[in-house]
Amino acid sequence: PRILGGDALRSIAVLGVVVIHAGYWPAANTNAESALWSSVIRLARFSVPLFVVLAGMMLEYNRKATHTAIAPFLRRRGMRTIVPWIAWAGVYMAFGALVTGEVPQSAPGIADWLAYGAGHLYFLLLVPQLYLLFLVWPRDLRGQLTLAIVLAVLQTGLCIYRLTGPVPDGLISRLVDWHGFQEAPFWLGYFAAGIVLGHLARNGVRLRPSPGLITAGVATVAAGSYLVLRVDPFTADSLRMFESGTGAFLLPLMPVLVVGVVILVLATAGPVLEARALLRQAVERVSRDALGIYIIQAIVLYGMGRILFRWLQASPLIGAPAFVLLVILTFAGSIAVTEVLARTRLRFLVGL
């Protein structure tokens, strides 16, 4: 059976990615404005960890039905990750070099940009690492639970080490500080937790919307939000450069917020969507298109941001509504482009 909570989580996650990127457009001319938008961005960073949880959850949930042979599994997953990365890396390289100026117009600059995963497309290189590890993952629940605990400790320890150091200069610094966000060990706690959830779901265990569970989910989201906003891990001047961009996803306390969101959505989304057919259809469509939306939204956002730029740079009374409009237009535009591509022979570009 379809896990409607999974569809809801994936839809929320891809919307969160749009919020992160849109959060850099409003004016931050004062300390108050800077604090406002940096808080919005930091809270929305639960989105990519949520995608990793979902990757583990859905792989394990569908294990018996679809994962019977290694070669077809890798081919199918490669078509959803490696192939789109190759295609869109070229698109974003041209876009960044000719339109936004984010990609240097030199061979060394382009090589360096690609080495960091081609901007937000890095996720398409992270997930295949998780796919490979899944092939050797324990299949029994006890082994999965034990591994999830071990890997949660490992992930948290690596994130703390990265932020507190001292990390030796040279290769270790490059791997830990600069490229950690591209490497599976920094995400395995999320992935392992998702696999446990998928195993439980495959065996008929579902989270029910009981008052106690909903209260626990709300409390965990509140606690996680407080910790993410109040605890500043970027205390050293040498780490301030990682406070934004892809490296900022590796926050040691982010799992608290992610767990709260997972509990709350899985416990409530199913009954809500089952009772509202149109909402269910919309969420399922966004979930199906999530990879395409994730890939395309950066280009759509740039176009919408240029149109709304004057209002985004105004005071928060005007900038905040303009920001909300920017998110809505970008999200809707990305869905529309993905739907168009999904109906053509180019649907492999959006992972279909």
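In this text, all values refer to a predicted model and were calculated from it rather than measured experimentally. (Residues numbered from 1 in each chain as written. Predicted model: local features only at pLDDT ≥ 70, side-chain atom pairs only at ≥ 80, totals over all residues. Heavy atoms only, no water.)

Asks: Is there a simple way to think about the overall build of the chain in this case?
Replies: Looking only at helices and strands, the chain has 17 helices and 0 strands in total. Taking 2.2 N^0.38 as the reference for a compact globule, 352 residues should give roughly 20 Å; the C-alpha atoms of the chain span a radius of gyration of 20 Å, in line with that estimate. In terms of overall dimensions, the chain has a C-alpha envelope of 50 × 50 × 45 Å along the principal axes. Every one of the 352 residues in the chain was classed for burial, and the buried ones make up 47%. A total accessible area of about 16500 Å² is found for the chain, and carbon and sulfur atoms account for 68% of it. Separation between the mean location of the 28 positive side-chain charges and that of the 16 negative ones in the chain comes to 11 Å. (Helix = DSSP H or I, 4+ residues; strand = E, 2+ residues; numbered from the N terminus. Rg over C-alpha atoms; globule rule 2.2 N^0.38 Å. Buried < 20%, exposed > 50% of the residue type's maximum accessible area, 1.4 Å probe, protein only. Areas by Shrake-Rupley, 256 points an atom, 1.4 Å probe, with all protein chains shown as cover. Lys, Arg positive; Asp, Glu negative; His and termini not counted. Charge placed at Lys NZ, Arg CZ, Asp CG, Glu CD.)

Asks: Sorry if this is basic, but what is going on with the packing of aromatic side chains here?
Replies: To describe a pair of aromatic rings, one takes the distance between the centres and the angle between the planes. Enumeration according to the criterion identifies 15 aromatic pairs in this entry. Ring geometry for phenylalanine 51 against phenylalanine 123: centres 5.8 Å apart, planes inclined by 45°, an arrangement best described as tilted. Of this pair, phenylalanine 51 sits in helix H3 (residues 47–61) while phenylalanine 123 sits in helix H8 (residues 123–134), and the two are 72 residues apart along the sequence. Ring centres 6.1 Å apart and planes at 75° place the aromatic pair phenylalanine 73 and tyrosine 131 in the edge-to-face group. Pair noted here: phenylalanine 73 is in helix H5 (residues 70–80) and tyrosine 131 is in helix H8, with a separation of 58 residues, a long-range link. In terms of burial, phenylalanine 73 and tyrosine 131 fall into one category: buried. Through a chain of ring-to-ring contacts, the aromatic side chains of Trp25, Trp88, Tyr92, Phe95, Tyr302 and Phe309 assemble into a single cluster. The residue whose ring lies beneath arginine 306 is phenylalanine 309, and the NZ or CZ to ring-centre distance is 5.4 Å. Across the ring face of tryptophan 311, the terminal group of arginine 310 is positioned such that the distance to the ring centre comes to 4.4 Å. (Phe/Tyr/Trp six-rings, centres within 6.5 Å; stacked < 30°, edge-to-face > 60°. Lys NZ or Arg CZ within 6 Å of the ring centre and 35° of its normal.)

Asks: Before we go on, may I ask you to explain the nonpolar core in this structure?
Replies: Burial of nonpolar side chains together is a common tendency in soluble globular proteins. Membership of the largest hydrophobic core comes to 102 residues, with the highest contact counts inside it found for Leu121, Trp187 and Phe191. Residue contributions to this core peak at 11 residues, all from H3. In this view, leucine 121 contacts Trp85, Trp88, Ala89, Tyr92 and Ile295; residues no more than four positions away in its chain are not counted. (Core = buried A, V, L, I, M, F, W, Y, C linked by side-chain atoms within 4.5 Å. Contact = heavy atoms within 4.5 Å.)

Asks: What should I look at first to understand the pattern of salt bridges in this one?
Replies: Between side chains of opposite charge, pairing is possible as soon as their charged atoms come close. By the definition in use, this model includes 9 salt bridges. Across the pair glutamate 60 and arginine 202 runs a salt bridge whose closest N-O atoms are separated by 2.3 Å. Taken together, the residues span a long stretch of sequence, with glutamate 60 in helix H3 and arginine 202 in helix H11 (residues 188–202) at a distance of 142 residues. Here glutamate 284 ties to arginine 280 by a salt bridge, and the two come within 2.9 Å at their closest N and O atoms. (Salt bridge = Lys/Arg side-chain N within 4 Å of Asp/Glu carboxyl O.)

Asks: Just checking my understanding: could you explain the confidence of the model for the chain for this structure?
Replies: Should the pLDDT be low somewhere, the predicted coordinates at that spot are not to be read in detail. Taken as a whole, the chain shows an average pLDDT of 91; of its residues, 96% reach a score of 70 or greater. Within the chain, helix H15 (residues 290–307) carries the highest mean pLDDT (97), whereas helix H4 (residues 63–66) carries the lowest (65). (pLDDT = per-residue confidence, 0-100.)

Asks: Just checking my understanding: could you explain the environment of alanine 216 for this structure?
Replies: Relative to the helices and strands, alanine 216 is located in helix H12 (residues 211–230). Remark: the alpha-carbon pair of alanine 216 and valine 14, spanning 202 residues in sequence, is separated by 24 Å.

Asks: Please clarify how helix H14 (residues 277–288) should be interpreted in this entry.
Replies: Three or four residues apart is the spacing at which side chains of an α-helix point the same way, because the helix has 3.6 residues per turn. In this model, H14 (12 residues) spans 16 Å end to end at C-alpha, consistent with the 16 Å of a helix rising 1.5 Å per residue. Val283, Val286 and Ser287 are the residues of H14 that are buried. All buried residues of H14 project into a common sector of 100° when viewed along the axis, lining one side. Residues Leu278 and Gln281 are exposed on H14 and point more than 90 degrees away from its buried face. (Expected span 1.5 Å × (residues − 1). Arc of directions from axis to C-beta.)

Asks: Mind showing me how you'd approach the environment of arginine 2 here?
Replies: As for its position among the elements, arginine 2 is in the segment before helix H1 (4–22). Arginine 2 sits 59 residues away from tyrosine 61 along the chain, and the two C-alpha atoms are 10.0 Å apart. Each residue touching arginine 2, except ones within four places of it in the same chain, is listed here: Asp7 and Glu284. Within the structure, the side chain of arginine 2 is placed 2.6 Å from the side chain of aspartate 7, a separation counted as a polar contact. (Polar contact = N/O pair within 3.5 Å; in protein donor to acceptor, adjacent residues only side chain to side chain.)

Asks: Explain the packing of helix H6 (residues 82–100) against H15 to me, please; I cannot follow it from the model alone.
Replies: Packed helix pairs are characterised by how far apart their axes lie and by the angle those axes make with each other. In the contact formed by H6 and H15, the axes pass within 10 Å of each other and the chain directions differ by 20°. One finds that H6 runs roughly parallel with respect to H15. Judged by the sense of rotation from one axis to the other, the crossing of H6 with H15 is left-handed. Contact residues: H6 offers Pro84, Trp88, Val91, Tyr92, Phe95, Val99 and Thr100, while H15 offers Ile295, Ile296, Gln297, Ala298, Ile299 and Tyr302. In the contact of H6 with H15, the residues fall into 11 nonpolar, 2 polar and no charged. (Axes fitted to C-alpha atoms, helices over the stretch in contact; angles between N-to-C directions. Parallel < 35°, antiparallel > 145°, perpendicular 65-115°, else oblique. Left-handed = near helix turned anticlockwise from the far one by under 90°. Nonpolar A, V, L, I, M, F, W, Y, C, P; charged D, E, K, R; others polar.)

Asks: Before we go on, may I ask you to explain the environment of valine 228 in this structure?
Replies: Summarising the element assignment, valine 228 is placed in helix H12. Residue valine 228 is classed as buried on the basis of its relative accessible area, which comes to 4%. Measuring from C-alpha to C-alpha, the distance between valine 228 and proline 252 comes to 8.9 Å, with 24 residues separating the pair along the chain. Aside from chain neighbours lying at most four places away, what touches valine 228 is Arg42, Leu251, Leu253, Met254 and Leu257.

Asks: Explanation requested: helix H13 (residues 254–275) in the structure shown.
Replies: For H13, which comprises 22 residues, the first-to-last C-alpha distance of 32 Å matches the rise-based estimate of 32 Å (1.5 Å per residue) to within 8%. The complete set of buried residues in H13 reads Met254, Leu257, Val258, Gly260, Val261, Val262, Val265, Leu266, Ala267, Ala269, Gly270 and Leu273. Looking at the buried residues of H13, the elements they touch are H1, helix H2 (31–44), H3, H11, H12 and H14.

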